[in-house]
Amino acid sequence: MSSPSTPGPLNYTSMGVGVEHSPQSPLSIHDMTVAYNRRPVLWDVDLDVPEGKLIGIVGPNGAGKSTLIKAVMDLVPRASGRVTVYGKPYRKQRQIVGYVPQRESVDWDFPVSALDVVTMGTYGRIGWCLPVMKRHTEAAMHALDRVGIADLARRQISQLSGGQQQRVFLARALVQDAKLYLMDEPFAAVDAATEKAIVNILRDLRATGKTALVVHHDLQTVPEYFDHVILINMRIVAHGPTEQVFTKENLHKTYGGRLTLLDEASEALRRGGLPR
Amino acid sequence: MSLVAMNTVATNTFVLLDALLAVTPSAADVLRVLTLADYNTRVVVIGTTLLGLAAGVVGSFMLLRKRALLGDALSHATLPGIAIAFIAAEAFGASGKSLPVLLVGATVTGALGVGTVLLLRRYTRLKEDTALGVVLSVYFGAGVALLGIVQQMQTGSAAGLESFIYGKTASMVVSDAQLIGLAGLVVAVVCAVFYKEFKLLCFDPQYAAGQGWPVMLLDLVLMSLVVIVTVIGLQAVGLILVIALLIIPAAAARFWSDRMSRMTLISAGIGGASCAFGAALSAVLPRLPSGAMIVLVAFMIFILSMMFGPARGIVPRLLARRRLSRKVARQHLLRAMYEMTEEREPSLLVRTTQDQVGARLTTKELSQRRSWSTKQLESELKTAEEDDLVELSGDGWRLTEEGVTLARRVTRNHRLWETYLITYADVAPSHVDRDADMVEHVLGPAMTRELEKILGRRDPDQQAELPSPHAMVEGRS
């Protein structure tokens, strides 16, 4: 850990070389570069995610936050680098990784109920061509109960509010009983009650030793919600414990001249009582 | 999807106009067809029904995968294959009109067409609709040109090849029906076996990929099923209209159910019924192409589903909305009258007398209570009077005994919900169901008791004397 006298951010700035990777880490990204249509969107990402923490991924629009998660899950091709989950390649560890995609990524008019969607989280466990059994729907009901909408289980998903839809996605990841959760903007456009419910679930997960990587937009709540932060803008600007990394200086590096955002951030810092 | 349906129907209008000139069948003919007395009719109807069932099942997956139009490019791309297969067969001295040979040709170019669409989309920046338009027209154009060549060939008779364009069930023989039945069975089995996987693929392919499901492979299996259905449908429905069999039953079924399993089965039923009736109609009116008949029958079912389908049909939705607004208006009236009685003559509501009635209220007083128009209020009072909830008394209206009982419950529920919302503002909204007859049914007796306590109710045996959670100084709540 850095002493207060050393300039914190530098220690956490990843240069893509010389980082020691631990095989125990829930997620190690080794020197990863991702490109869409020949245009790189993420450069030389190289980091270890600490176990049992809530980690926020923060950066401006188009910084590659979602891309980072998708590249980890092999959903977008990596131009270089590799990813390990608890020391093994992702494709061998899929069952212990829970994914919460962005809410807009699916058509909510689809003829399925909330329970149906959550049950999809058990499909991996069920395997090819075998039917869904009672114990799987029971597990799904339990997950719906955890996110507080068990009473809406039979409702067609278009009849749910945005916050409830987000909870359905969260429950689908929970039912998997994963060790590492990757969440793409779970707090986007949800009501206050849902935000609170999600935060509580995140804390429950942490209490049971799970790790969650969460793409997050709202700078104000970062110090409150997350133990660690990854500041990202096409490259890792800084990552580490929130109180050391979430500084005005680092945010300036991440967001550049976007002053309104910086004002927001300094406001958050003042209220959160963090250094500078 | 309905646009496509209409489009295909429009395409066929010309065929129909022509068919109107057909001779009217005799009653005996009709009877023979309807009772499937003819061996040939029986073969045709059974064969096309199996086709419809299979198309309905595959179609609902395609619709939900949002790939429905890919089937259109596919079917048009079968034409050059049919022509080439004919030419090749004739060149090798075989009969060019052997159905299996022609269908193999159709399958090959059909699959090529789909492959072209996928490649265009992947390696160019063209959007899906553009790629579909290019492939559909180019392959079909090539097919028409090849048919022209076939017609000028000296060997064999090419007459009848064009029946693949519009469909002609009359040429169907037992072996064709068997082929369709077999293919339909394969399709049904594959769909049943991969139901769970297809469901996931259609709903959230990205999540499926993240979970390690081979999305490309699953899409390929699904596309193969579409190829099978399209190719076996060529003979009965024709390549222009076979897309309708994939889209219309599935689109119609969506109006009937919000559950995918049920939607798929209903879609199969609609597909089968459309084909059975369409083929029968075409048998009665031999000059009308079966493809057109089948599509028109399917479209009739689609219209009926769109109007009356319980899940999202237009009529049930309108009815539900009207029922709701009536209920709300009735509740507003009862509550207003109850609360005004409460304000003026609370003694009337104390539960000692058996036959309680409300205070006498003039329409003017009532209309000031809420933003009711006189007309609205009068019609509302009138229907309430018909239900014996209010009665005229001198120059005003009052709640009857029955009205007081109902109004008390409505008012109590309203106040409990308000309290709930105020007390649990941060968690409540998803649980509020104002439509519920009793708060207890939604929140349970324990929560209801708690809310009543918050409302400061003294006597637990009283039914409704709960004060409004916000002061009623403004005269309305």
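Counting starts from 1 at the beginning of each chain's written sequence and moves along it residue by residue. Starting at A for chains and at 1 for ligands, labels are handed out in the order in which the entities are written. The predicted origin of the model limits local features to residues at a pLDDT of at least 70 and limits the giving and counting of side-chain atom pairs to 80 or more, whereas totals for whole chains, interfaces and linings rest on all residues.

Peer 1: How should the overall build of chain B be read in this particular structure?
Peer 2: A tally of regular secondary structure across chain B gives 21 helices and 2 strands. The 477 residues of chain B split such that 43% are buried. Of the contacts made within chain B by residues no fewer than 6 positions apart, 71% connect residues no fewer than 24 positions apart. Secondary structure follows DSSP: runs of H or I at least 4 residues long count as helices, runs of E at least 2 residues long count as strands, and numbering of each begins at the N terminus. Exposure in this text rests on C-beta crowding, where 20 or more other C-beta atoms within 10 Å of a residue's own make it buried, 12 or fewer make it exposed, and counts in between make it partly exposed. The C-beta atoms are placed from the backbone. Contacts are defined on C-beta atoms placed from the backbone: any two residues whose C-beta positions lie within 7 Å are in contact.

Peer 1: I tried to follow the overall build of chain A on my own but got confused; where do I start?
Peer 2: Scanning chain A for helices and strands turns up 11 helices and 10 strands. Put simply, chain A has 276 residues, and 46% of those count as buried. Considering only contacts in chain A between residues 6 or more positions apart, those separated by 24 or more positions represent 70%.

Peer 1: I would appreciate a short explanation of the packing of helix H14 (residues 242-254) of chain B against helix H16 (residues 290-308) of chain B in the present structure.
Peer 2: Pairs of packed helices are described in terms of their axes, by the angle between the two and the distance that separates them. Residues and elements named next belong to chain B. It is at 9 Å that the axes of H14 and H16 come closest, and there the two elements cross at 20 degrees. Regarding the angle of H14 to H16, the classification is roughly parallel. Crossing handedness for the pair H14 and H16: left-handed. Residues Ala244, Leu245, Ile248, Pro249, Ala251 and Ala252 of H14 touch H16, and the partners they reach there are Ile294, Val295, Ala298, Phe299, Ile301, Phe302 and Ser305. Only Asp, Glu, Lys and Arg are considered charged, only Ala, Val, Leu, Ile, Met, Phe, Trp, Tyr, Cys and Pro nonpolar, and every remaining residue, Gly among them, polar. A breakdown of the residues in the contact of H14 with H16 according to their chemical character gives 12 nonpolar, 1 polar and no charged. The angle between two axes is taken between their N-to-C directions and runs from 0 to 180 degrees, where each axis is a line fitted to C-alpha atoms and a helix contributes only its stretch in contact. Comment on the angle field: the value is read as roughly parallel under 35 degrees, roughly antiparallel over 145, roughly perpendicular from 65 to 115, and oblique elsewhere. By definition, any crossing whose near helix is turned counterclockwise from its far helix by less than a right angle is left-handed, and any crossing with a clockwise turn is right-handed.

Peer 1: Before we go on, may I ask you to explain the nonpolar core in this structure?
Peer 2: Most often, soluble globular proteins have nonpolar side chains that are buried together. Only buried Ala, Val, Leu, Ile, Met, Phe, Trp, Tyr and Cys residues enter a nonpolar core, and they are joined through C-beta atoms within 7 Å. Of all hydrophobic cores here, the largest spans 183 residues; its most connected members are Val118 and Leu213 of chain A together with Val58 and Ala298 of chain B. It is helix H4 (residues 39-64) of chain B that contributes the most residues to this core, 15 residues altogether. Once residues within four sequence positions are removed from consideration, Ala298 of chain B is found in contact with Ala244, Leu245, Ile248, Pro249, Ile270 and Ser274 of chain B. Membership of the second largest hydrophobic core comes to 18 residues, among which are Leu333, Leu334, Tyr338 and Leu366 of chain B.

Peer 1: I keep staring at the confidence of the model for chain A and nothing clicks. Help me out?
Peer 2: Low pLDDT means the predicted atomic positions in that stretch should not be read closely. Averaged over every residue, the pLDDT of chain A is 86; the share at 70 or more is 86%. Values of pLDDT, which run from 0 to 100, indicate the predictor's confidence residue by residue. A low-confidence stretch, residues 1-18 of chain A (pLDDT under 50), is modelled with 24 contacts involving residues beyond four sequence positions or located in other chains.

Peer 1: Quick question: what am I supposed to make of the sheet that holds strand S7 (residues 180-184) of chain A here?
Peer 2: Hydrogen bonding along the main chain pairs the strands of a sheet, whether they run parallel or antiparallel. All names here are of chain A. As summarised here, the arrangement of the 6 strands in space is S6-S7-S8-S3-S9-S10, forming an open sheet in which the pairing is mixed. Sheet topology places strand S6 (97-100) and strand S10 (236-241) at the edges, where each strand pairs with a single neighbour. Each adjacent strand pair in this sheet contributes to an overall mean axis angle of 15 degrees, direction not counted. Examined bridge by bridge, strand S3 (residues 54-58) and strand S9 (residues 228-232) share 4 bridges and lie parallel to one another. In the sheet register, Gly56 faces S9, and the bridge partner there is Val229. Pairing between strands is defined by DSSP: at least two bridges between the two strands are required.

Peer 1: Hey, could you run me through the interface of chain B and chain A in this one?
Peer 2: Size of an interface: often given as the accessible area lost when the parts come together. Each partner contributes to the interface: chain B provides 22 residues, whereas chain A provides 24 residues. Looking at the side of chain B that touches chain A, the elements that each hand over two or more residues are helix H11 (195-203), helix H12 (205-210) and helix H15 (260-284) of chain B. If you tally residues by element for the side of chain B that touches chain A, the top one is H12 of chain B, at 4 residues.

Peer 1: Looking at this structure, how should I read the environment of Phe277 of chain B?
Peer 2: Residue and element names in this part refer to chain B. Within the element layout of this structure, Phe277 appears in helix H15. Judged by the 21 C-beta atoms lying within 10 Å of it, Phe277 falls in the buried class. Between the C-alpha atoms of Phe277 and Val297, which are 20 residues apart in sequence, the distance is 7.0 Å.

Peer 1: Please explain the sheet that holds strand S5 (residues 88-89) of chain A as it appears in this structure.
Peer 2: Residue and element names in this part refer to chain A. The 4 strands are arranged S2-S1-S4-S5 in an open sheet whose pairing can be described as antiparallel. Sheet topology places strand S2 (39-49) and S5 at the edges, where each strand pairs with a single neighbour. Sheet topology note: the strand S4 (residues 78-85)/S5 ladder contains 2 bridges and is antiparallel. Note that in S5 the partner of Val85 across the bridge is Lys88.

Peer 1: Mind showing me how you'd approach the environment of Leu201 of chain B here?
Peer 2: Residue and element names in this part refer to chain B. Structurally, Leu201 is set in helix H11. Under the C-beta neighbour-count criterion, Leu201 is labelled buried, with 24 such atoms within 10 Å. Excluding anything up to four places from it in sequence, Leu201 contacts Arg65, Ala208, Val215, Leu218 and Asp219.

Peer 1: Would you mind showing me how to read helix H13 (residues 215-237) of chain B here?
Peer 2: Residue pairs three or four apart in sequence face the same way in an α-helix, which turns once every 3.6 residues. By this rule, a helix spans an expected 1.5 Å times one less than how many residues it contains. For H13 of chain B, spanning 23 residues, the distance from its first C-alpha to its last is 31 Å, which sits close to the expected 33 Å at 1.5 Å a residue. Gly238 of chain B lies just past H13 of chain B and shows a positive phi near 90 degrees.

Peer 1: Would you take a moment to explain the pairing of S4 of chain A for this structure?
Peer 2: Taken residue by residue, a regular strand's side chains alternate between the two faces of the sheet. Where strand S1 (residues 27-36) of chain A meets S4 of chain A, 5 bridges bridge the pair, whose relative direction is antiparallel. For His30 of chain A, the partnering residue across the bridge sits in S4 of chain A and is Arg82 of chain A.

Peer 1: What exactly am I supposed to notice about the pairing of S1 of chain A here?
Peer 2: Residues and elements named next belong to chain A. Bridge analysis of S1 against S2 gives 7 bridges, and the strand direction is antiparallel. Each residue of the ladder has a partner; that of Ser28, found in S2, is Asp48. The turn joining S1 and S2, which pair antiparallel and follow one another in sequence, is formed by 2 residues; a positive phi near 50 degrees is taken by Asn37.

Peer 1: How should the confidence of the model for chain B be read in this particular structure?
Peer 2: All names here are of chain B. In the predicted model, chain B carries a mean pLDDT of 83, and the fraction of residues at 70 or more is 83%. Here helix H2 (residues 13-19) is the element of chain B with the lowest mean pLDDT, 56, and H11 is the one with the highest, 97. A low-confidence stretch, residues 458-464 (pLDDT under 50), is modelled with 8 contacts involving residues beyond four sequence positions or located in other chains. Segment residues 471-477: pLDDT under 50, and 8 contacts once partners within four positions in sequence are set aside and those in other chains are kept. For this predicted complex, the interface confidence comes out at an ipTM of 0.87, alongside a pTM of 0.83.

Peer 1: Honestly, unusual backbone geometry in this entry has me stumped. Any pointers?
Peer 2: You will see that Asp74 of chain A, though not glycine, has its phi angle at about 65 degrees, which is positive. Secondary-structure assignment places Asp74 of chain A in the loop between helix H2 (65-72) and S4. At Lys66 of chain B, a position not held by glycine, the phi torsion is positive, near 60 degrees. Relative to the helices and strands, Lys66 of chain B is located in the loop between H4 and helix H5 (70-76).

Peer 1: Help me understand the environment of Ile270 of chain B in this model?
Peer 2: Residue and element names in this part refer to chain B. On the secondary structure map, Ile270 appears in helix H15. Judged by local crowding, Ile270 falls into the buried class, with 29 C-beta atoms found within 10 Å. The spatial distance from the C-alpha of Ile270 to the C-alpha of Ala252 is 7.9 Å, given a sequence separation of 18 residues. Leaving out residues up to four positions away in the same chain, Ile270 has contacts with Gly56, Pro249, Ala252, Ala253, Ala298 and Ile301.

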